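# A structural walkthrough
Take a look at the letters that make up each chain.
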Amino acid sequence: MTDDGVYRVVRNDEEQYSIWWADRELPPGWTAEGTSGSKQECLDHVAVVWSDMRPRSLREQMAQA
């Protein structure tokens with residue numbers, strides 16, 4: 001299997017990130033974040049924007065505690 005092709009960065013409601021093939025329909029619960037490119041370009045972008053791996057709901061719960 002090859003990593004060639006165009007990918008896009010996707011995000012779910014919990015503000016968790018992943019990458020997905022640009023030519024495929026997104027899985028339920030995920031939306032395109034706006035970045036696309038090679039697999040490595042997308043992974044590099046995720047590494048920059050996803051600095052807190054905790055789901056949004058957990059971050060909010062901890063902030064209230």
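So, here is what we can say about the structure in this document. In this text the structure is predicted, and so the values were computed from the model without any measurement.

Rules behind the numbers
- Residues numbered from 1 in each chain as written.
- Predicted model: local features only at pLDDT ≥ 70, side-chain atom pairs only at ≥ 80, totals over all residues.
- Heavy atoms only, no water.
- Helix = DSSP H or I, 4+ residues; strand = E, 2+ residues; numbered from the N terminus.
- Buried < 20%, exposed > 50% of the residue type's maximum accessible area, 1.4 Å probe, protein only.
- Contact = heavy atoms within 4.5 Å.
- Areas by Shrake-Rupley, 256 points an atom, 1.4 Å probe, with all protein chains shown as cover.
- Core = buried A, V, L, I, M, F, W, Y, C linked by side-chain atoms within 4.5 Å.
- Salt bridge = Lys/Arg side-chain N within 4 Å of Asp/Glu carboxyl O.

What follows is about the overall build of the protein. Assigned secondary structure in the protein consists of two helices and three strands. Written out in order from the N terminus, the α and β elements of the protein read β-β-β-α-α. Dimensions of the protein, computed from the C-alpha atoms along their principal axes, are close to 45 × 25 × 20 Å. Counting the 65 residues in the protein, one finds 17% classified as buried. Sequence-distant contacts in the protein: of pairs separated by 6 or more residues, those separated by 24 or more amount to 43%. Carbon and sulfur atoms make up 50% of the accessible area of the protein, which amounts to about 4,700 Å² in all.

Among the nonpolar cores identified, the biggest contains seven residues, and these are Tyr7, Val9, Tyr17, Ile19, Cys42, Val46 and Trp50. Contributing elements (two or more residues each) for this core: β1 (7-12), β2 (17-21) and α1 (39-49). When sequence neighbours within four positions are dropped, the list of residues in contact with cysteine 42 reads Tyr7, Arg8, Val9, Ile19, Thr35, Ser36 and Gly37.

Further remarks concern the pattern of salt bridges. Under the definition given, this model contains two salt bridges. Arginine 59 serves as the salt-bridge partner of glutamate 15, at 2.4 Å between the closest nitrogen and oxygen. Of the two residues, glutamate 15 sits in the loop between β1 and β2 while arginine 59 sits in helix α2 (residues 56-64), which places them 44 residues apart along the sequence. Judged by relative accessible area, glutamate 15 falls into the partly exposed class, the value being 34%. Residues arginine 54 and aspartate 52 are paired through a salt bridge, measuring 2.6 Å at the closest nitrogen-oxygen approach. The exposure class of arginine 54 is partly exposed, given its relative accessible area of 31%. Accessibility expressed as a relative area gives 27% for aspartate 52, which makes it partly exposed.

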